[in-house]
Amino acid sequence: MGATTRALFLSCFHGGGGGSEVSRRLALRPRYPSMPRRPKGAAVAGGGGGGGDLEAAVGGESEEEEKVAVFSVSGMTCAACAGSVEKAVKRLPGIHDAAVDVLGGRAQVVFYPAFVSENKITEAIEDAGFEAKLIDEEVMEKNILLCRLHIKGMACKYCTSTVQFVLQASPGVQRASVALATEEAEIRYDRRIVSASQLIQVVEETGFEAILLTTGEDWSRIDLKMDGVLDERSLMIVKSSVQALPGVENIKLDTKLHKVTISYKPEQTGPRDLIEVIESATSGLVNASIYLEADGRDQHRYVEIKRYRQSFLWSLIFTIPVFLTSMVFMYIPWLKAGLERKVFNMMSTGELLRWILSTPVQFVIGRKFYAGAYKAMCRGSPNMDVLIALGTNTAYFYSVYSVLQAATSANYMSTDFFETSSMLISFILLGKYLEILAKGKTSEAIAKLMDLAPETAILLMYDHEGNVVGEKEIDSRLIQKNDVIKVVPGGKVASDGFVIWGQSHVNESMITGESRPVAKRKGDTVIGGTVNENGVLHVRATFVGSESALAQIVRLVESAQMAKAPVQKFADQISRVFVPLVILFSLLTWLAWFVAGRLHSYPNSWIPPSMDSFQLALQFGISVMVIACPCALGLATPTAVMVATGVGASQGVLIKGGQALESAQKVDCIVFDKTGTLTIGKPVVVDTRLLKNMVLREFYDYAAAAE
């Protein structure tokens, strides 16, 4: 009965079908001694609720009447949480055994239905402070998927609000969250109503470019780079041979990048099989390897950083002379005389020089803002680019008008704002450059998490009789399910799995926080990225790629960065109407100037008032439009959340989003369940005190003897 129970236990956790031996070895050990097999006394009748006849249960129940149920448990963050859930379940009558997987967020319970029901178990878990759902109910919701999109072209918080609004309004979308800092969207949708490709189309209809990262489907995706003879015939051979491989769902060829994207079921095939099929089908004419930049996000960010840096430096080259001639040289007498020398009528040398230098900044270096403003106005959602274009163009074209008036008049005193437009563009480019640098640094912590996994692994090869006949070093990303990996002393475990041979101690502190090495022997599970301290282990891989514990931790951090803090949600609501209100306010400012001119300066005509008041109103309107941009409002909170969650993850602290950070300010007491996570994990003498006079050497002898 024990073997049957163990097999049932793990078949639920790791897929069920087929590998009873694997499932048995992966079974979680109970954290507490099992409760009695059956409740004693008649008191159990009240706790039944299982729909069974108590008399029949007591009189004729056999071991085969045990039932295994698997529950999805959310809210668990550590081993202590798992212990709380397990203890709460085992307190119920009729519980034979229970095991909790904190990484998978699941609980398996073996119980007697005559004494306790699934509803009672669910209530017990919820009473312990966690959310629970029977897996059978969860299966009904398998049509609800979570996909991630990389969105290009978002310039400010108003852009993200627009994208999020159209996604949320799409049929079949339950929840959509868009982050400007990561340039990603996370969408929870019903695949029976809408597909991932339709969601991409919805985003692109708003004027942005969307790239699918993950779809939430029950298959993995890999990008392979192809080198060699890539004519039409070889590409057709590659496509047909890969599609014929069991488990392959979809294949997409990109001839420009020499890349093939393959979707497959990890239970049936893997990246190593795909590479072997491509190379063997083409007789070695095409070599395949893992595409290092699968989604292109890092390369895109690098190109963007380089582009903004170059734009800012070129803008600086033109803007500094404009600033000096306008703000500094005017206070140096001999330079002032040269700048005020007239060229045509009242147009001076300084004005002509500033006009020439500011024009490239306005129309060449700043062309990005024109393109962004045009796209924003076409989709009816004015953003930061619209504000910048309006503000700088107002300053520039008024300055051009003023200079031309001076060039055609013998007594017109002109005033230009060329330094305003060029300096504003330079400052905004600097801000964009720093913003993109900050975005890149926030992802460094996640990259450090992924670096916990080793780059290579030692793959063991077996003959038909199960004997080891050789070993080969492979890229750890090529590990497939059921591969046997050799882990040497001091090496990292390349994949999640269980030990099939050997004994050792494994340091799991980088994953679990437990400083003391954990003893491992045949049948024990190991986690990818942990360090083997002594002894050689043979590990059979069970969870690879996106299914590994390390990948789940990375997804947890990414989801936390996507989650919005309460204050950020409030800022999003403001930023959605902020840009139109700023534009309206600026237009009202200029309208008020004309009204004031008619009512006060010139009550009997519509002739404009003095140019001094116009210049003041112009400066005020430009300042309002350019400075009152919602970028700081929309970027401050998400950038802080990304930095905090990323740095915390690199230090071994997982933060569940902005809401947890916002609530942390109210914390006045922190309780840790073990000191090993805070210290070096072993007792150390920090102070000594002698209560009587004695020889120090004798005291040391006593202390050593006591130890």
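Rules of the game
Residues numbered from 1 in each chain as written. Predicted model: local features only at pLDDT ≥ 70, side-chain atom pairs only at ≥ 80, totals over all residues. Heavy atoms only, no water. Helix = DSSP H or I, 4+ residues; strand = E, 2+ residues; numbered from the N terminus. Buried < 20%, exposed > 50% of the residue type's maximum accessible area, 1.4 Å probe, protein only. Contact = heavy atoms within 4.5 Å. Polar contact = N/O pair within 3.5 Å; in protein donor to acceptor, adjacent residues only side chain to side chain. Phe/Tyr/Trp six-rings, centres within 6.5 Å; stacked < 30°, edge-to-face > 60°. Expected span 1.5 Å × (residues − 1). Salt bridge = Lys/Arg side-chain N within 4 Å of Asp/Glu carboxyl O. Patch = residues over 30% accessible without salt bridge, like charges linked within 9 Å, V, L, I, M, F, W, Y side chains within 5 Å. Areas by Shrake-Rupley, 256 points an atom, 1.4 Å probe, with all protein chains shown as cover. UniProt positions renumbered as here; feature names shortened; annotations may be inferred. Axes fitted to C-alpha atoms, helices over the stretch in contact; angles between N-to-C directions. Parallel < 35°, antiparallel > 145°, perpendicular 65-115°, else oblique. Left-handed = near helix turned anticlockwise from the far one by under 90°. Nonpolar A, V, L, I, M, F, W, Y, C, P; charged D, E, K, R; others polar. Pairing = 2+ DSSP bridges. Lys, Arg positive; Asp, Glu negative; His and termini not counted. Charge placed at Lys NZ, Arg CZ, Asp CG, Glu CD.

### Regarding the overall build of the protein chain
Of the regular secondary structure elements, the protein chain holds 24 helices and 23 strands. Each of the 707 residues in the protein chain was classed as buried or not, and the buried ones make up 43%. Of the contacts formed within the protein chain by residues at least 6 apart in sequence, a portion of 70% connects residues at least 24 apart.

### Overview of the side chain of S234
By secondary structure assignment, the location of S234 is in helix 9 (residues 232-243). At 2.7 Å, the side chain of S234 forms a polar contact with the side chain of D231. Excluding residues that lie within four positions of it along the chain, S234 makes contacts with V229, T282 and V286.

### Observations regarding the packing of aromatic side chains
Using the criterion set out here, one finds eight aromatic pairs in the structure. Each ring, one from F363 and one from Y370, has its centre 6.0 Å from the other, and the planes form 20°; the classification is stacked. With 5.3 Å between their ring centres and 85° between their planes, Y396 and F397 make a pair best called edge-to-face. Judged by its relative accessible area of 45%, F397 is partly exposed. Here the aromatic cluster, defined as three or more aromatic residues joined through ring pairs, consists of F363, Y370, Y396, F397 and F418.

### Let's talk about unusual backbone geometry
Backbone geometry at S283 places phi at a positive 55°, although glycine is not the residue there. Its place among the elements puts S283 in the loop between helix 10 (271-281) and strand 12 (286-290). You can call S283 exposed: its relative accessible area is 65%. Positive phi, normally seen in glycine, also occurs at N482, with a value near 75°. Checked against the element boundaries, N482 lands in the loop between strand 16 (468-475) and strand 17 (484-487).

### Here's the deal with helix 15 (residues 384-407)
Between the first and last C-alpha of helix 15 there are 35 Å, a value that for 24 residues agrees with the 34 Å anticipated at 1.5 Å per step. Across the 24 residues of helix 15, 18 count as buried, placing the element largely inside the fold.

### Here's the deal with the pattern of salt bridges
Evaluated as defined, the whole model comprises 12 salt bridges. Across the pair E86 and K90 runs a salt bridge whose closest N-O atoms are separated by 3.2 Å. Here E86 and its partner K90 are both found in helix 4 (residues 79-90), four residues apart, which amounts to about one turn of the helix. Taking relative accessible area as the criterion, K90 reaches 3% and is therefore assigned buried. The residue R354 makes a salt bridge to D416 at a minimum N-O spacing of 3.0 Å. One end of the pair, R354, is in helix 13 (residues 349-365); the other, D416, is in the loop between helix 15 and helix 16 (418-442), and 62 residues separate them in sequence. Comparing R354 with D416 shows no difference in burial state: the two are buried.

### A word on a nonpolar patch on the surface
A cluster of nonpolar side chains, namely V577, L581, L584, L588 and L591, defines an oily patch on the protein surface of about 470 Å² accessible area. Among the secondary structure elements, L591 is positioned in helix 20 (residues 566-601).

### Some thoughts on the UniProt feature "transmembrane region" (unreviewed entry) in the protein chain
Residues annotated in UniProt with the feature "transmembrane region" (unreviewed entry) correspond here to residues 311-332, 352-370, 382-401, 421-438, 577-596 and 616-636. As a span, residues 311-332 carries 82% helix and 0% strand, and end to end its C-alpha atoms are 31 Å apart. Within residues 352-370, the helical portion is 95% and the strand portion 0%, while the C-alpha atoms at the span's ends are 24 Å from each other.

### A short note on the packing of helix 14 (residues 367-378) against helix 15
At a closest axis distance of 8 Å, the pairing of helix 14 and helix 15 adopts a crossing angle of 125°. Between helix 14 and helix 15, the angle is such that the two are oblique. Crossing handedness for the pair helix 14 and helix 15: left-handed. Here F369, Y370, G372, A373, A376 and M377 of helix 14 come into contact with helix 15, specifically with D385, V386, I388, A389 and N393. Grouping the constituent residues of the contact of helix 14 with helix 15 by class yields eight nonpolar, two polar and one charged.

### Description of the sheet that holds strand 8 (residues 209-214)
Read from one edge to the other, the open sheet built from four strands follows the order 6-7-5-8, with strand pairing classed as antiparallel. The open sheet terminates on both sides in strands that have one partner only, identified here as strand 6 (173-179) and strand 8. With strand direction ignored, the average angle separating the axes of adjacent strands in the sheet is 25°.

### Points about helix 4
Over its 12 residues, helix 4 extends 16 Å from the first C-alpha to the last, a length consistent with the 16 Å expected when each residue adds 1.5 Å. Listing the buried residues of helix 4 in full gives C81, A82, G83, V85, E86, A88, V89 and K90. Buried residues along helix 4 sit in contact with strand 1 (67-74), strand 2 (95-101), strand 3 (106-111) and helix 5 (118-127).

### Let's talk about the sheet that holds strand 18 (residues 496-501)
In space, the six strands of this open sheet follow the order 16-15-17-23-18-21, with antiparallel pairing throughout. Where the open sheet ends on each side, the last strands, each with one partner, are strand 16 and strand 21 (525-526). Strand direction decides the pairing type here: strand 18 and strand 21, joined by two bridges, are antiparallel. Bridging from a neighbouring strand, G497 pairs with V526 of strand 21.

### Quick word on a negative patch on the surface
A cluster of acidic residues, E123, E126, D127 and E131, forms a negative patch at the surface. With three residues, helix 5 is the largest single contributor of residues to the negative patch.

### A few points about the environment of E419
Along the chain, E419 turns up in helix 16. A C-alpha to C-alpha distance of 9.0 Å links E419 and T325, two positions 94 residues apart in sequence. Among residues more than four places away in sequence, those in contact with E419 are V322, S326 and M327.

### Digging into the pairing of strand 1
On a regular strand, one side chain projects to one face of the sheet and the next to the other, so that they alternate. Bridging between strand 1 and strand 3 involves six bridges; their strand directions are antiparallel. Residue V70 lies in a different strand from strand 3, and its bridge partner there is Q108. Note that strand 1 and strand 4 (residues 131-134) share four bridges and pair antiparallel. Each residue of the ladder has a partner; that of S72, found in strand 4, is K133.

### Side note on the environment of T206
Inspection of the secondary structure puts T206 in the loop between helix 8 (196-205) and strand 8. Judged by relative accessible area, T206 falls into the buried class, the value being 9%. The sequence separation of T206 and V166 amounts to 40 residues, and the corresponding C-alpha distance is 8.1 Å. Here the side chain of T206 touches V203 through a polar contact of 2.4 Å, landing on its backbone oxygen.

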